[in-house]
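# Per-entry structural report
Chain residues, written in single-letter form:
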Amino acid sequence: MAEFKNLELNVEGEVAVLKISRPAALNALNSETLDELTVALDEIEANDGVKVLILTGGPDKKGNEFKSFVAGADISEMVNFTAPEARAFGIRASKPFFKLMEMRQVTIAAVNGFALGGGCEIAMACDIRIASDNAIFGQPECGLGIIPGFGGTQRLARLIGMGRAKELIFTCDNVNAEEAYRIGLVNKVTTPEELMPTAKKMAEKIASKGSYAVAVAKAAINNGYDMDIHNAVEMEANLFGVVNDTHDKKEGMGAFLEKRSAELTDF
Ligand code: CO8
């Protein structure tokens, strides 16, 4: 496993937990952290033993675990960017962000506190979001004279609809966990103490299903989202053909008919 300065990676059974850890800056994303994320996610994707990834934030410098998920992109790095440097920073972030969205493992953001700007954006790049009840989401960029540039103008509208996304981005209003749940930005809200246990329980449930089937279903949902419905359903039919030719399909259906539990192993 690679060594990281700003990340902690732990694999527990079939679940990897990746913690973004820059205590002095509430886990803000700088270039170094974005590059480390790219390396860590490549490593996780190559690991056949890992079925689900949980992404979360490390404690602040006082040791408070629930202060911040990610408080944004690093403002002290961005302050002097020229236009080409800013563009390059966005492109640098798009690698790990797309990896979270498209890697074969399911990705769950466990949001433990501030998820602002790039923090909200990296949570949105994950497949599923679970938030502690103290979490705060927002896109404050327009108040800083910039725009969400880690996919926020695109992913927020896709998740919560264009009207609400425009309101949040234009007003820079933050939303708490309850409101984030109400508008569909998060899947579940828990107490801070239950955040990781809840994320792990969901991760283990997903890992117990046919992992190859889950990975193909993820690709089908992602690929079809921006297609017209006819092409999307045709793409789904093609992928349905692919999963019918697997060990897990024979085993899963065979086990049902033989009234025993299935041993699903494909990935
Ligand atoms: N960048 C750098 N440092 C940060 C950041 C950040 N985003 N957020 C917090 N920090 C630092 C603070 O400067 C402070 O450092 P120090 O102790 O050395 O003064 C330390 O973290 C602790 O923060 P605070 O003392 O401010 O803690 P509070 O509890 O008082 O406040 C807040 C917490 C409300 C989260 C506050 O820190 C804050 O408002 N942070 C900035 C939030 C923000 O605006 N985020 C969006 C940034 S812009 C962005 O994410 C753009 C993404 C797209 C970029 C696209 C490029 C192409």
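In every chain, residue numbers begin from 1 and rise along the written sequence. Where local features are concerned, this predicted model is filtered to residues with pLDDT of at least 70; where side-chain atom pairs are given and counted, the filter is 80 or more; whole-chain, interface and lining totals use all residues. Note: side-chain values were computed over all heavy atoms of the structure, leaving out hydrogens and water.

Scanning the protein chain from terminus to terminus reveals 11 helices and 10 strands. Taken over C-alpha atoms, the radius of gyration is set against a globule rule of 2.2 Å times the number of residues to the power 0.38. On C-alpha atoms alone, the protein chain measures out to a radius of gyration of 19 Å, which is about the 18 Å that the 2.2 N^0.38 rule sets for 267 residues. Accessible area is worked out with a 1.4 Å probe on protein chains only. A residue is then buried under 20% of its type maximum, exposed over 50%, and partly exposed in between. Each of the 267 residues in the protein chain was classed as buried or not, and the buried ones make up 44%. In this description, contact between two residues means that some pair of their heavy atoms is separated by no more than 4.5 Å. Once local pairs closer than 6 in sequence are excluded, the contacts in the protein chain between residues at least 24 apart make up 68%. Taken as a whole, the protein chain presents about 13600 Å² of accessible surface, with 55% of it coming from carbon and sulfur. Helix and strand labels come from DSSP, where a helix needs a run of H or I of at least four residues and a strand needs a run of E of at least two; each type is numbered from the N terminus. Computed with a 1.4 Å probe, the accessible areas rest on the Shrake-Rupley method; for each residue, only the protein chains presented here act as cover.

A word on the pattern of salt bridges. By salt bridge we mean one thing: a side-chain nitrogen of Lys or Arg within 4 Å of a carboxyl oxygen of Asp or Glu. Applying the stated rule across the entire model yields 13 salt bridges. Each of the salt bridges in this network shares a partner with another, and the network as a whole consists of D42, E45 and K99.

Between rings of Phe, Tyr and Trp, where Trp is taken as its six-membered ring, a pair exists when centres lie within 6.5 Å; planes separated by under 30 degrees are stacked, by over 60 edge-to-face, and by other angles tilted. Applying the stated rule across the entire model yields three aromatic pairs. One aromatic cluster is present, formed by F81, F89, F97 and F150 through successive ring pairs. Ring-over charges, as used throughout, are those where CZ of Arg or NZ of Lys falls within 6 Å of the ring centre and within 35 degrees of the ring normal. Stacked on the ring of F267, the Lys or Arg K51 has its end atom at 5.4 Å from the ring centre. Above the plane of the ring of F267 lies R104, whose end atom (NZ or CZ) is 4.2 Å from the centre.

Where helix α4 (residues 118-125) contacts helix α5 (residues 152-160), the axes come no closer than 10 Å and their chain directions differ by 55°. In terms of orientation, α4 lies oblique with respect to α5. Like other packed secondary-structure pairs, α4 and α5 cross with a definite hand, here left-handed. Residues E121, M124 and A125 of α4 form the contact with α5, whose own contacting residues are G152, R155, L156 and L159. To get an axis, a line is fitted to the C-alpha atoms, and for a helix only the part in contact is used. The angle between two axes follows their N-to-C directions and goes from 0 to 180 degrees. Any angle between 65 and 115 degrees counts as roughly perpendicular, while under 35 counts as roughly parallel, over 145 as roughly antiparallel, and the rest as oblique. Left-handed describes a crossing in which the near helix is turned anticlockwise from the far one by less than a right angle; the clockwise case is right-handed.

Here we come to the side chain of R129. Counting through the fold element by element, R129 comes out in strand β7 (residues 128-132). We define a polar contact as two N or O atoms separated by no more than 3.5 Å, with the added condition that, inside protein, one atom must be a possible hydrogen donor and the other a possible acceptor, whereas residues neighbouring each other in sequence contribute only through side-chain atom pairs. Here the side chain of R129 touches C126 through a polar contact of 2.8 Å, landing on its backbone oxygen. At 2.8 Å, the side chain of R129 forms a polar contact with the backbone oxygen of L185.

Here we take up empty space enclosed by the protein. In this analysis the probe radius is 1.4 Å and the grid spacing 1 Å, with only protein atoms considered; a cavity is a set of points the probe fits into but cannot get out of, a pocket is an open set with protein on both sides within 12 Å along at least five of seven lines, and lining residues have an atom within 4 Å of a point. Grid points are joined across faces, edges and corners, and a volume is the space filled by probe spheres set on the points. The tally for this structure, following the rule as stated, stands at two cavities of 30 Å³ or more. Taken as a whole, the largest cavity holds about 40 Å³ of empty space. Taken together, K51, R104, Q105, V106, I206, A207, S211, V214, A215 and F267 make up the full set of residues lining the largest cavity. Elements with a minimum of two residues in the lining of the largest cavity: α8 (192-207) and α9 (211-224). By residue number, the principal contributor to the lining of the largest cavity is α9, which donates three residues. In this classification, the charged set is Asp, Glu, Lys and Arg, the nonpolar set is Ala, Val, Leu, Ile, Met, Phe, Trp, Tyr, Cys and Pro, and all remaining amino acids, among them Gly, are polar. Residues that form the lining of the largest cavity fall into these classes: six nonpolar, two polar and two charged. Looking at the lining of the largest cavity, you find at least three residues from each of domain 1 (7-207) and domain 2 (211-258). Per the annotation, domain bounds derive from an automatic or database assignment of domains.

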